Structure formats: C-alpha cells, structure tokens
Amino acid sequence: ESPLVLLNFSCSEILKSSSNSDNSLAGSGEALFGCDSPQHFQASFTHGKMALVISGDFLDKILHDVGEEQGKRKQSAWDRLLCCQAKAKGDHQNSVEEAFVELATACQAVICCRVTPKQKALVVQMVKRHKNAIALAIGDGANDVNMIKTADIGVGISGQEGMQAVQCSDYALAQFRYLQRLLFVHGRWSYLRICKFLRYFFYKTFAGMMAQIWFAFFTGFTAQPLLEGWFLALYNVFYTSYPVLCMGMFEQDVSAKKSLKFPELYKAGQKDLLFNFQTFCLSFIQGSFVSLASFYIALWACEDNTGARIIGDYQSFAMIIATSAILTVTVEIILDVKFWTVFSVLAVFLSLILYCLFSYLTQSFPAYKTAPTVFQFPDASKNALVDPLALLVILLSVTVSTLPSLTVRFLRSITVPRTMSELAQARDLKMEPSAVELTSHIQRDSHWRRSSYAFSHKEGYGDLISRGASLRRKGPRVHSELNGVHHMLLPGKEDSMPTEDIASSHEAVAQQKFLPC
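Within any chain, residue numbers begin from 1 and follow the written order of that chain's sequence. Local features in this predicted model are restricted to residues whose pLDDT is 70 or higher, and side-chain atom pairs enter the listing and the counts only when it is 80 or higher, whereas totals over whole chains, interfaces and linings include all residues. The side-chain numbers reported here are obtained from all heavy atoms of the structure, hydrogens and water having been left aside.

A. Representation of helix H18 (residues 342–362) within the structure. Taking 1.5 Å of rise per residue, the 21 residues of H18 would be expected to cover 30 Å, and the 30 Å separating its terminal C-alpha atoms lies within 8% of that figure. The buried label goes to any residue with under 20% of its type's maximum accessible area, the exposed label to any with over 50%, and the partly exposed label to all in between, with areas taken from a 1.4 Å probe on protein chains only. Put simply, DSSP marks the helices as runs of H or I at least four residues long and the strands as runs of E at least two long, and each gets a number from the N terminus on. Burial in H18 covers these residues: Ser 344, Ala 347, Val 348, Ser 351, Leu 354, Tyr 355, Ser 359 and Thr 362. Along the axis of H18, the buried positions cluster into a sector of 130°, meaning they face one direction only. Exposed side chains of H18 directed beyond 90 degrees from the buried face belong to Val 342, Leu 346, Phe 349, Ile 353, Cys 356 and Tyr 360. Multiplying 1.5 Å by the residue count of a helix minus one yields the expected span of that helix. Note: the arc covers the axis-to-C-beta directions of the helix.

See the structure below:
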C-alpha cells in the first residue's frame, strides 16, 4: 500500500487544526489531528502510512528568524516586560514549530525541496530543540555545510560537488549507501565499546583504590597510605589498562551481518540502556563491595597472627589487598569480554606479568638501598606471597568478590530472555518485503545473471517513451510479425511446414515476445 503524500496545503490544514484543538502537542502525535481534520489523515497517521513534501516558502512560515531571536535575547529586562505581545507571538510560533515536528516525525519520509542552506540548518536546529535528540546530517555539496555543522554528527559524501562537505564533517563516505553500515555496525559497536569501557574503568578504580578509605578508619585519618606508592602510580597505567583498552577497540556483541539483519539492536543506544546513572551506581556498589571484601578478609586473616612466617605486618597486609584487587578486576574483565582476540588474551597475561615484574623491581633490596624513601616495601611480595595462608586469603577474597557478579549474570541469563532469539522470532512473524532495498533471486556471481552494461551504450527506448508509444505491440500486428519471422527462418519452405507446428511455434514465439525483461 502506497503512503499518503501530504503537500503544503494539507500540512497547513493539519497544523491549523492542531493549533485550534485544546489537546497537548507533546504526546504521541494524536493532538495533531483535531476534530476538523480529514478522516483519511487520521487513518493514515494511525497506520503510519504518510509522507510529507514541503517547499522552502512553506518553511519560512514555520521556522524562526535567528537574527530576530538573538536580538530579543539582547534586550534589557524592562524591554522584555513591555513586549508581551511579541512574547505571545513567539509562544504561538513555538507551538506551530512543535506541531510541525510532531507531524514530521509521524511520517515515514519528509522531503524539503527548494530550500536554502540556512533553512537546512534551521530544520536540524528545530528538530534538536523540540525532540531533544541527537541529530545526524549528511550532505555532498557546499550548500550542505551549514546543516552538517549544526547537527551533532556530520557526514560528508565525497562526490562530484567538491570536498567542502567532507572537510567540514566528522565522517566521510564514498557513497550514501554506506551510511547504513556506519550506523548499524560501526556506530553501534562504538557505543557498546565506550559504554563497557567506562563502566569497567569506574569499577576497577573503585575496587582498587577505595581500600585506602577503609584503612583510614583504623589509622584515625592520619594520611597513612595503605598501598605502595608505586602500586598507586602503576595501577591505571600498566596493571589494568591493557585489557580494557583491547575491549574498547575490539569488543563485539554480535557480528556485522547480524547487526545489519537486526536493526532493532540500534535502539539500545537511543534509549541509553548500556550506560546511564543507574549503571554508574551499580559500578560504584560493585567496586565498593570488592574493596570491602578484600580489605576485611585480609584484616581478619592477618590480625594477631604469629608463626614462623609472620604475614601480619603492615607491608604484607598491603600486598595481599593489592594482589586480591588485581586478580579480581582481571577476572571481571574476563567475564565481561564477549569477543576474544589474540590481543585481548595477550593483554590479560601482559598485565599480570607487568604486575609481577614491577613488584619485583620496586621491592628489591638494591632499590631500597639506593632510595629508602622512594622504595619503602623491600621484599614485601616475597615475604607475603610465598606463605600458603596468604595465598588462601587471596583466593578467598577473589572468590567472595567475584561470586556476586557470577550470580547476577547467571540469574540474568535465566530470567531475562535472549534478545537475538526474540528478534529472530519477530522477524519470522513479520516477513514483510523491504520498501527500500531491492533483492535479487539470482546470485551476483552466477553466470545466469544478465547485465545491461553491454546495452547501455545504445540509443535505447527514450524516443518511444517521449512519443508516448507503447513498447508492447498489439495482437494482430504480432501475428503478422511472427509470419515474417518464419519466412526469414525458413525461406521458401513455409508451405511444407505442418499447420500444427506453425501454430505451436506461433505460441512459443508469442510467449517469448511477452516475457518481462
């Protein structure tokens, strides 16, 4: 079913009826159609089958004049009190703009023809102001530069109209059809990677550094550091940075093919589902729990402990907490990564190797003899991490800190249905043909596929179309043409051919003549 196309006059009627109605405009769009609206407008809006075509002259009646609006902002407070009528006119203009934006978003397609570069930028600015959405503008010429700069994300197409749009854009494409892959594949992957990077970065910072706060309650807030200074300096640089960087560069939840097949996955970014204030609070709670577990389990194990190998000293206590934090955040990122590469595996092992290497170098006796005030933990790791009790304490801390995360992931996998399976079922139920993309039943690499490139240099049927002549011939003329074909194929032997064979050959040629090309 073809959509209903709304022109300037129809759009004016809808906006006039919406301004006369008392309903609120900030709804689902039902307020756009008042009681005086035509019934076919309401039916088309209900089924989402509308398209809008407007001109630049009609946009002048809707859009604000930016110069006048900036002039009003520079007025004094006394002048603003005296211009109540102008303010009421501005409120009416805002309501008309809001109604137009609601109408435009309710349509499947909106075409603005014969518009100036300034009007293109004002349309983008109007949508950003009334819908509170992130706008993307794409253009290929110098007249699209204002629109690209006004939008939050600008995409330029390098074509025959110059490189002005590409130079002013954030992303450059060679063809317009690449925009689908830019949004649904690379854009969604980028959003996923940034969100997981931020969530894990906050989590590992809270998990490793908040032990200083719990230690301050036992020292009377005397600014005595719990962890080694070199550990605090290298924690976010070498010990935990490489795995999260690999996750921020290579992470994928689904493949590119599935991302294009299920465009509904893109809605997660539009709704801010992967990173929001709630996600930040959960990361803070999880990191605080890890720091509490590692601190108090180590305090419970090392308090009033005596033996051949004493691990109850201050330095051994600090190394147990630091090692527990490093191993816990490493296990967490192992659980969080969905797409493993060679670099991801190397980054995990490299982080652990660097932790052991730098701990050995900064806690050696030669370094302590060189600068006692800088290297204050001589042989702390060697003293603490060779004791079986210390290793059991570290294992207990890592297990207790990781168990809540594993429990939540297990319950989520059971209770929450899988997104991909739901989308597959919905796609099987709605097997509607695409309105934009054209598909072929013959593969591109097949030799049965016919190409029109060899015939593109001929004159074609343009003269017949311009004269209004039909490409399909009439019935009587076809029979005469078929007889001519047989005379050409068998000259002088048309009488020797049986009547039935002639009739069957006529039907075969006629069928070949009317095959759609």
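B. Examining the confidence of the model for the protein chain more closely. Confidence per residue, as judged by the predictor, is encoded in pLDDT with a range of 0 to 100. Summarising the model, the protein chain shows a mean pLDDT of 75, and 64% of its residues fall at 70 or more. Ranking the elements of the protein chain by mean pLDDT puts helix H24 (residues 475–489) last with 44 and helix H13 (residues 241–250) first with 94. Contacts from residues 22–44, a stretch scored under 50 in pLDDT, to residues over four places away or in other chains number 45 contacts. Here, two residues are considered to be in contact whenever any of their heavy atoms come within 4.5 Å of each other. pLDDT under 50 marks residues 477–503. Its contacts with residues more than four places away, or in other chains, come to 15 contacts.

C. The arrangement of the packing of helix H17 (residues 314–336) against helix H21 (residues 388–415) in detail. One way to put it is that H17 packs onto H21 with a least axis distance of 9 Å and a crossing angle of 30°. By the angle between their directions, the pair H17 and H21 is classed as roughly parallel. Taken as a pair, H17 and H21 cross one another with a handedness that is right-handed. Where H17 abuts H21, its residues Ile 320, Thr 323, Ser 324, Leu 327, Thr 328, Val 331, Glu 332, Leu 335 and Asp 336 lie against Ala 390, Val 393, Ile 394, Ser 397, Val 398, Ser 401, Thr 402, Ser 405, Leu 406 and Arg 409. By residue class, the composition of the contact of H17 with H21 is 9 nonpolar, 7 polar and 3 charged. A fitted line through C-alpha atoms serves as each axis, taken over the contacting stretch for helices, and the angle formed by two N-to-C directions is quoted from 0 to 180°. Orientation categories follow fixed angle ranges, with anything under 35 degrees roughly parallel, anything over 145 roughly antiparallel, 65 to 115 roughly perpendicular, and all other angles oblique. In this scheme the crossing of two helices becomes right-handed for a clockwise turn of the near helix relative to the far one and left-handed for an anticlockwise turn of less than a right angle. In this count, Pro and Cys sit with the nonpolar residues alongside Ala, Val, Leu, Ile, Met, Phe, Trp and Tyr, while Asp, Glu, Lys and Arg are called charged and the others, Gly among them, polar.

D. Region of the structure containing the sheet that holds strand E4 (residues 136–139). Within the open sheet, the 3 strands sit side by side as E4-E5-E6. Their pairing is parallel. Strands at the two margins of the open sheet, each flanked by one partner only, are E4 and strand E6 (171–173). For this sheet the average axis-to-axis angle between neighbouring strands, irrespective of direction, equals 20°. Sheet analysis places E4 next to strand E5 (residues 153–157), joined by 4 bridges and oriented parallel. Between any two strands, at least two bridges found by DSSP are needed for them to pair.

E. Representation of the pairing of strand E2 (residues 50–55). Across the 6 residues that make up E2, a large majority, 5, are buried. The pairing of E2 with strand E3 (residues 109–113) spans 5 bridges and is classified as parallel. By the bridge assignment, Leu 52 is partnered in E3 with Val 110.

F. Highlighting the packing of helix H16 (residues 277–302) against H17. Taken N-terminus to C-terminus, the directions of H16 and H17 make an angle of 145°; their axes are 10 Å apart at the nearest point. Here the hand of the crossing between H16 and H17 comes out right-handed. Between H16, through Gln 286, Val 290, Ser 294, Phe 295, Ala 298, Leu 299 and Cys 302, and H17, the contact on the second element is made entirely by Phe 317, Ile 320, Ile 321, Ser 324, Thr 328 and Glu 332.

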